[in-house]
Amino acid sequence: MNWIIDIGTNTLTKVVGIGRAFLMLTGALIAFPQWKNVRLTIKQIYIVGVQSLLIIMVSGLFIGMVMALQGYTILVDYGAEGSLGPMVSLSLLRELGPVVTGLLFAGRAGSALTAEIGLMKATEQLSSLEMMAVDPLRRIVAPRMWAGVIAMPMLALIFSAIGILGGHLVGVEWLGVDSGSYWSIMQATVEWDKDVVNGVIKSIVFAIVVTWIAIFKGYDAIPTSEGISLATTQTVVLSSLTVLGLDFVLTALMFGIN
Amino acid sequence: MNDHLVEIQNITFSRSERLIYDDISISIPKGKITAIMGPSGIGKTTMLRLIGGQLKPDKGDITFAGKSIPAMSRSTLYQTRKSMSMLFQSGALFTDMSVFDNVAFALREHTQLSESVIKTLVLLKLEAVGLRGAAQLLPSELSGGMARRAALARAIALDPELIMYDEPFAGQDPISMGVLVKLIRSLSEALSVTSIVVTHDVNEVLDIADYVYILANQKVIGHGTAQQIKQSDSPLVQQFLQGQADGPVPFHYPAPTLQAQLLGEDK
Amino acid sequence: MTTRKTELMVGLFVILTIAAGLLLALKVVNQGFSNNESTYTLYAKFDNIGGLQTRSAVKVGGVTIGRVESIDLDPEDFNPVVMISLSDKYNNFPDTSSASILTSGLLGEQYIGFQPGFAFDDFVVLADGDYIQDTKSALVLEDLIGQFLFSRNSE
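Chemist: Sorry, what's going on with the overall build of chain A here?
Modeler: From N to C terminus, chain A includes 9 helices and 0 strands. C-alpha atoms of chain A, sized along the principal axes, occupy 65 × 55 × 35 Å. Here chain A holds 258 residues, and the buried ones make up 51% of them. Across chain A, the fraction of contacts at a sequence separation of at least 24, relative to all contacts at a separation of at least 6, is 84%. Total accessible area on chain A stands at roughly 11,700 Å², and carbon and sulfur atoms take up 72% of it. In chain A, the 14 positive side-chain charges and the 16 negative ones have mean positions that sit 13 Å from each other.

Here you go:
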């Protein structure tokens, strides 16, 4: 009997948690945009976006380079090394750009968001905002939410572009694939709405999910050291898994059905 | 009613099945310093959160200037909160801005004052707590006592009618404690604000409080002026004032008898 | 001062993103036959289209001049009908032109190789909606192997 009760309790806790997460999101986003909040959002874009730029660019460069290296050794056996361009660019635009950016963003910016908001809660800063008649949902949560949703697709785009350049660096400059065919076969294959736009849509979805999880886990953290460390871990694990799971669903929807 | 700013009427409050208050009533007189005392863990901070509307009582009513706090809509509540402020135990300064910006925060959020007026106001508030020289420091560069004074400057920034002090003396050295006692008293006299001081530091608070409530065992166990409290013949009150380890407020957390537990008979 | 620096960095971030977007738009994505260019439509009937797909290229001498719009099956003779759209710039192919399905490289994608026919004095130009008469189907590897084995056996 006990395990049935456990299932029931767990389900209820999860459902209540999801409900609270939705309440937080609606409370934060249903607000008149104010000039003050735009400035706060810009500051947050700096923190989650600009400060993640280095890791995103370095990762993008290396992933593009590795893909060119791996792809070349396989493709050259079939004399198809001209297809290196589309291979690198399609993998980046459709999958690796949004997904790897999502994962890195969860680790770099998501965990920081959780810890920051969790600590604000633990040090009573959120309470004191409430008592100063300032809604923490609008003051703290909303700018961070918007910043994440805006910054991550930008990072994903930069990631893909740098990766393609990295692929060019290794494939063309180093391994001697013809530069013209690298770009022209890529151009013949890659399509704007099918590949680029779908990749951007993916990264917007991931951005919403990752930022939301990160902020909610911080907002809902138990305000102790253990609570915050647990919440940070949960943010990274949960948002990484959600990104990978959602990626499959989105890929199936976008590319699976002809 | 008219000379009481806050009225707490017969409230019952429990958190996760633990009863915290059982049908208690407290009246906070206007323009006076009221102390709420009691042992740790009795839910004194909870009382302040109830007054601030962050928590809602299970039963009973709380009025602020005649209006019921639990019945307020969200926007009215936020409006009402502008005329009250709370000094948190940890100070709760915003760690990402300087002391100056912390004090200016509420002014910038809630008023349309120009930056130069705000600067004047902030410097005056900081002067009042003796921290004008520390305006550009970050909260992490302040000592505990300074952080609390900075928080106090922030709390009085909007000239509230009610200031709630949550354990203002906890963990302070004697000098900072003396400074804070002096500040609370002078603020109360100069601005004639109503103050609620929640604390367990008996001696400091009996010096400044006009009226005292002592909470224990989910009830108000004694109330009166500082003088009346000192002369109270209630054993509970005397145990608290004199710091006796055991008495009507038990030393032991409720448990089965030691013998029973050690011998494994607790089932 | 710090807010100005923040805003500057965010501005640079935006510029970087736009640069990345431009790189993708100009260098990576095919711009050749986007929707804004006017096209005309031809049909070609094949016996077997192999791995030809919609959006496959139509090339003349290696130059892409159009794309496959759709592939259907003729309900009467069950042969695949390929609808191709060609750029209006090249609108004077004679009706003796031929289309064949070719493969780029050993494992590359398949495309339609378009072979303009000889233009005689009074040649007829292929116009919008015409069928290309002369078509060569895709080479299917299995068929080739089958033919090879068959011819070996008959020796």
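Chemist: Explain the overall build of chain C to me, please; I cannot follow it from the model alone.
Modeler: When helices and strands are tallied, chain C shows 2 helices and 8 strands. Across chain C, helices and strands are ordered from the amino to the carboxyl terminus as α-β-β-β-β-β-β-β-β-α. Computed over C-alpha atoms, the radius of gyration of chain C comes to 23 Å, more than 25% over the 15 Å expected from 2.2 N^0.38 for 155 residues, which places it beyond the range of a compact globule. Each principal axis of the C-alpha atoms in chain C carries an extent, and together these give about 90 × 45 × 30 Å. Counting the 155 residues in chain C, one finds 33% classified as buried. Contacts in chain C between residues at least 24 apart in sequence constitute 64% of all its contacts with a sequence separation of at least 6. Each charge sign in chain C was given a centre, from 10 positive and 19 negative side chains, and these centres are 19 Å apart.

Chemist: I'm lost on the arrangement of the chains in this one. Help?
Modeler: Contacts are most numerous between chains A and C, considering all 2 pairs of chains that are in contact. Note that chain B does not reach chain C: the shortest distance linking a C-alpha of one to a C-alpha of the other is 11 Å.

Chemist: Please explain the sheet that holds strand S4 (residues 59-64) of chain B as it appears in this structure.
Modeler: Sheets are built from strands that pair by backbone hydrogen bonding, the pairs being arranged parallel or antiparallel. Residue and element names in this part refer to chain B. The 4 strands are arranged S2-S1-S4-S5 in an open sheet whose pairing can be described as antiparallel. Here the strands that pair on one side only, and so sit at the sheet edges, are strand S2 (18-29) and strand S5 (67-68). Of the strand pairs in this sheet, strand S1 (residues 4-15) and S2 are connected by 8 bridges, and their pairing is antiparallel. Of the residues in S2, the one forming a bridge with Arg-15 is Arg-18. Taken strand by strand, helix H1 (residues 44-51) contacts S1, S2 and S4, and its axis lies near 120° from that of S1.

Chemist: How should the pairing of S4 of chain B be read in this particular structure?
Modeler: It is a general feature of regular strands that their side chains alternate between the two faces of the sheet. Residues and elements named next belong to chain B. Across 5 bridges, the pairing between S1 and S4 is antiparallel. The residue of S4 that forms the bridge with Thr-12 is Lys-59. Pairing analysis gives 2 bridges linking S4 to S5, with the strands arranged antiparallel. If you follow Phe-64 over to S5, its bridge partner there is Lys-67. What sits between the antiparallel neighbours S4 and S5 is a turn of 2 residues, in which Ala-65 has the positive phi angle 50°.

Chemist: Explanation requested: the nonpolar core in the structure shown.
Modeler: What tends to happen in soluble globular proteins is that the nonpolar side chains get buried as a cluster. Counting 77 residues, the largest nonpolar core has Leu-84, Ile-164 and Tyr-182 of chain A together with Phe-13 and Val-28 of chain C as its most contacted members. No other element matches helix H6 (residues 136-174) of chain A, which puts 19 residues into this core. Apart from residues no more than four positions distant in its own chain, Phe-13 of chain C is found in contact with Ile-45, Gly-49, Val-50, Leu-53, Ala-151, Met-154, Leu-155 and Ile-158 of chain A. Ala-35, Ala-157, Val-197 and Ala-216 of chain B belong to the second-largest nonpolar core, a separate cluster that totals 51 residues.

Cut-offs applied
Residues numbered from 1 in each chain as written. Chains lettered and ligands numbered in written order. Predicted model: local features only at pLDDT ≥ 70, side-chain atom pairs only at ≥ 80, totals over all residues. Heavy atoms only, no water. Helix = DSSP H or I, 4+ residues; strand = E, 2+ residues; numbered from the N terminus. Buried < 20%, exposed > 50% of the residue type's maximum accessible area, 1.4 Å probe, protein only. Contact = heavy atoms within 4.5 Å. Areas by Shrake-Rupley, 256 points an atom, 1.4 Å probe, with all protein chains shown as cover. Lys, Arg positive; Asp, Glu negative; His and termini not counted. Charge placed at Lys NZ, Arg CZ, Asp CG, Glu CD. Rg over C-alpha atoms; globule rule 2.2 N^0.38 Å. Pairing = 2+ DSSP bridges. Axes fitted to C-alpha atoms, helices over the stretch in contact; angles between N-to-C directions. Core = buried A, V, L, I, M, F, W, Y, C linked by side-chain atoms within 4.5 Å.

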